[in-house]
Amino acid sequence: MIELEIHDGVAEITLNAPAKLNALDEAALAELGEAYDQAEYTNVRALVLRGEGRAFCAGRDIAGVDPRDDDVQGYLGGRVEPLLKRMARFPAPTFAVAHGACLGVGLGLLIASDIVYVADTAKVGSPFKNLGATLDSGGHALFVERLGAHRTMDLIVTGRLMSGEEAVAAGLFSRVLPADEVLEATRAAARDAASGPTQAFVASKRLVADLRDHRHGLWHSMSDENRAQAALCDTDDYREGFAAFQEKRTPQFTGRA
């Protein structure tokens, strides 16, 4: 599912499972981490992360997951969080190309990237109301930081998805471009970064990361999200949400604890 190409000091990592909107299971997360490791060992000076097909990444692949014994803490805390931290600490500028669905873990991949160029067709938000679950992968910290508490809760409770243009206007990501231009624009920006002062860029990455985590507690918030998600696994609504998604029907929630 994960492809890596390296040319002229730029690594390009592609999520290539378009039939499932590049949703990620544990094996795919491990592959993605290995691709970042290989890119680092090759001493690339910039990296591009993209998705093949209609979406960047629709989140976790829950096909076949039984919510009655789902180890969500193992998936989020043991797999996703370490991967996002590894991505954020990559020793060169990293770019992400966001188009179509950018949800859940897919949103986390964008949060962990330095620069995010967004197609006008992108969809960003919190669709978890239909799963009986909660926003994860750093989404709470990003949304509260950029949108404020009220707009964050509005997205969570309504499940409304923002367009790429709206997300960039709100300060979530770097810039918005037409869908047919965003990939080549990102590649060009990465090539330009690869010819720049890499160590100076890395120094700024560390400074920005320290400021962000000190002010908004990204990693602390992510750990709290993981624990909240694990607690929700024991609710009837969580099991109903998963079953409804897998059976392609509307969930019938009771709201009971």
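Going by the structure above, here's the rest.
Residues numbered from 1 in each chain as written. Predicted model: local features only at pLDDT ≥ 70, side-chain atom pairs only at ≥ 80, totals over all residues. Heavy atoms only, no water.

Participant: Explain the pairing of strand S1 (residues 2-7) here, please?
Facilitator: For a regular strand, side chains alternate in direction, first toward one face of the sheet and then toward the other. With six bridges joining them, S1 and strand S2 (residues 10-15) adopt antiparallel strand pairing. Across the sheet, residue Ile 6 finds its bridge partner in S2, namely Ala 11. A loop of two residues connects S1 with S2, the two strands running antiparallel in sequence, and Asp 8 in this loop sits at a positive phi of about 50°. (Pairing = 2+ DSSP bridges. Helix = DSSP H or I, 4+ residues; strand = E, 2+ residues; numbered from the N terminus.)

Participant: Hey, could you run me through the packing of aromatic side chains in this one?
Facilitator: The geometry of two aromatic rings is summed up by the distance between their centres and the angle between their planes. Tallying each qualifying case throughout the model produces two aromatic pairs. Residues Tyr 36 and Phe 90 carry aromatic rings whose centres are separated by 5.8 Å and whose planes lie at 85° to one another, so their mutual orientation is edge-to-face. You can see Tyr 36 sitting in helix H1 (residues 26-41) and its partner Phe 90 sitting in the loop between helix H2 (72-88) and strand S4 (94-98), a full 54 residues away along the chain. Classification of Phe 90 by relative accessible area gives buried; the value is 1%. Taking the centre distance of 6.2 Å and the plane angle of 70° together, the rings of Phe 95 and Tyr 117 count as edge-to-face. Residue Phe 95 is located in strand S4, and its partner Tyr 117 is located in strand S6 (residues 115-119); the two are separated by 22 residues in the primary sequence. Summarising the burial analysis for this pair, Phe 95 and Tyr 117 share the class buried. When the ring centre of Tyr 75 is taken as origin, the NZ or CZ atom of Arg 60, which lies over that ring, is 4.3 Å away. (Phe/Tyr/Trp six-rings, centres within 6.5 Å; stacked < 30°, edge-to-face > 60°. Buried < 20%, exposed > 50% of the residue type's maximum accessible area, 1.4 Å probe, protein only. Lys NZ or Arg CZ within 6 Å of the ring centre and 35° of its normal.)

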